[in-house]
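# Breakdown of the fold
The residues making up each chain are set out below.
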Amino acid sequence: MAKTLARNITSSFFAKSRSEGVGAIVRRCIGGSKTLDPFLMCDIFEVTPPAGFPDHPHRGFETVTYLLEGAIAHEDFGGNKGLIGPGDVQWMTAGRGVVHAEMPASKVTSRGIQLWINLSREYKMIEPAYQDLKDSDIPRAKPEPGIEVKIIAGESFGVKSSVFTRTPTMIMDFKLEKGKKIEQQIPKDHQGFIYVLNGSGYFGENQFKGEEHNALFLDDNNGDHIPVEAKDVDLRFMLFTGKPLKEPMVNYGPFVMNSEEEILQTMFDFNQTTNGFERAKKWRSSIAD
Ligand SMILES: Nc1ccc(F)c(C(=O)c2c[nH]c3ncc(Cl)cc23)c1F
Ligand SMILES: [Fe+3]
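We now turn to the structure provided with this report. Per-chain numbering applies: the sequence of each chain, read as written, is numbered from 1 onward. Chain letters and ligand numbers both follow the written order, the letters beginning at A and the numbers at 1. With the structure being a predicted model, the display of local features is reserved for residues of pLDDT at least 70 and the display and counting of side-chain atom pairs for 80 or more, all residues being used for whole-chain, interface and lining totals. Excluding hydrogens and water, the side-chain values take into account all heavy atoms of the structure.

Turning to empty space enclosed by the protein, a few remarks are in order. A cavity here means a set of points on a 1 Å grid, drawn over the protein atoms and nothing else, where a 1.4 Å probe fits but cannot get out; a pocket is an open set with protein on both sides within 12 Å along at least five of seven lines, and a residue lines either one if it has an atom within 4 Å of a point. Grid points are joined across faces, edges and corners, and a volume is the space filled by probe spheres set on the points. Tallied over the full model, the rule gives one cavity of 30 Å³ or more. Of the volumes computed, that of the largest cavity is approximately 30 Å³. Taken together, Val64, Tyr66, Ile113, Leu115, Ile152, Ile171, Met238 and Phe240 make up the full set of residues lining the largest cavity. Every helix listed is a DSSP run of H or I at least four residues long, and every strand listed is a run of E at least two residues long, numbered separately from the N terminus. Mapped onto the lining of the largest cavity, the elements with two or more residues apiece are β6 (61-69), β11 (110-118) and β23 (235-242). Polarity classes work like this: nonpolar for Ala, Val, Leu, Ile, Met, Phe, Trp, Tyr, Cys and Pro, charged for Asp, Glu, Lys and Arg, and polar for all others, with Gly in that last group. Taken together, the residues of the lining of the largest cavity sort by class into eight nonpolar, no polar and no charged.

Before going further, it helps to spend a moment on the sheet that holds strand β2 (residues 17-20). Read from one edge to the other, the open sheet built from seven strands follows the order β2-β3-β4-β11-β6-β9-β12, with strand pairing classed as antiparallel. Two strands in the sheet have a free side with no partner beyond their single neighbour: β2 and β12 (129-133). Averaged over all neighbouring strand pairs, the angle between strand axes comes to 25 degrees, with direction disregarded. In this scheme, strands are said to pair when DSSP sees at least two bridges between them. With four bridges connecting them, β2 and strand β3 (residues 24-30) associate as antiparallel partners. Paired with serine 19 across the bridge in β3 is isoleucine 25. Between N-to-C directions, angles span 0 to 180 degrees; the directions come from axes that are lines fitted to C-alpha atoms, helices contributing only their stretch in contact.

Looking now at the sheet that holds strand β8 (residues 81-84). The four strands are arranged β5-β10-β7-β8 in an open sheet whose pairing can be described as antiparallel. Since the sheet does not close on itself, it has two edges, and those belong to β5 (53-58) and β8, each with one partner. Between one strand axis and the next, the sheet turns by 25 degrees as a mean value, whatever way the strands run. The pairing of β5 with strand β10 (residues 98-104) spans four bridges and is classified as antiparallel. Paired with histidine 56 across the strands is histidine 100, a residue of β10.

Take the coordination of the iron ion (ligand 2) next. Distances from the iron ion (ligand 2) to its protein donors, His56 (NE2), His58 (NE2), His100 (NE2) and Glu102 (OE), fall at 2.1 to 2.2 Å. Taken together, the four donor atoms coordinating the iron ion (ligand 2) and their angles of 84 to 179 degrees define a geometry best described as irregular. Only nitrogen, oxygen and sulfur atoms count as donors, using a 2.8 Å cut-off from the metal that widens to 3.2 Å for Na, K and Ca. Water is left out, so coordination shells may look unfilled. When the donors of the iron ion (ligand 2) are listed by position in the chain, the intervening gaps give H-x1-H-x41-H-x1-E. On the criterion of sequence distance, the pair formed by histidine 58 in strand β5 and glutamate 102 in strand β10 is long-range, its members being 44 residues apart. Across the pair, glutamate 102 and histidine 58 agree in class, each one buried. Tetrahedral means four donors with every angle between 85 and 135 degrees, whereas square planar (four donors) and octahedral (six donors) require angles over 155 degrees between opposite donors and between 65 and 115 for all others; sites fitting neither are termed irregular. Only protein chains enter the calculation, and the probe is 1.4 Å; a residue is then buried if its accessible area is under 20% of its type maximum, exposed if over 50%, and partly exposed in between.

Below is the structure:
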């Protein structure tokens, strides 16, 4: 069978720690100087009480919060509240508007990843929705001993996630023992990036070396897979790919719309608690004092 086209890595950078929220620390691998349609932001966060992300709004996109260690409590203006524990995922579709708080619920430092995925114009003003996945709900693919793929969204080695993605997205957590190599299929029309969580490895057809805290960006050569090899040590990395929306994007902090007018309207809606922000009137979370 003819060998299909593989993706290469075009660039990488080391995600430095910076403060965010109230006393939290994040390594921002998307959203600082680097954007990658349809992804708006990707933070690898560390947060210890009393720090956190107190009451704040979102409109026009989705947030995906994946806990690596510890726990995050969340509560929104609609009374939705819960705990995101180790290995769990909260997929929040903010749509027309959510106001919530996200606070650490563990004495030890809580570590995780929060990805912001843009919504296309047709979905920006839909009702908010949640998809909560407990670690045990999230399928794994184990194509051979020494390789495990945790599939938060998308498909790997015939194993599919149950998550509904309005913006076509793949999010996977890979663990490769030293000496193992893998080829992960990627839709040809997706853009993507990798974040190395632990160890190091060689990524893409061009065997680009990636180490801890490195964000690595895939070329958009329409390749249908990416080869990865853990040559020297065990490797753990995240793969994020998504179909670009190719729409105008105007953002103002946690509001992401298609025009300046829509952003001004959003700021008015939030300040006047109208048009999706009605429940924000007088609401204060109970988890962020
Ligand atoms: N507007 C705005 C401004 C500043 C923020 F910090 C936030 C925000 O909440 C987060 C930024 N990264 C994060 N990682 C993890 C978690 Cl749980 C939350 C966030 C936000 F939304
Ligand atoms: Fe938030």
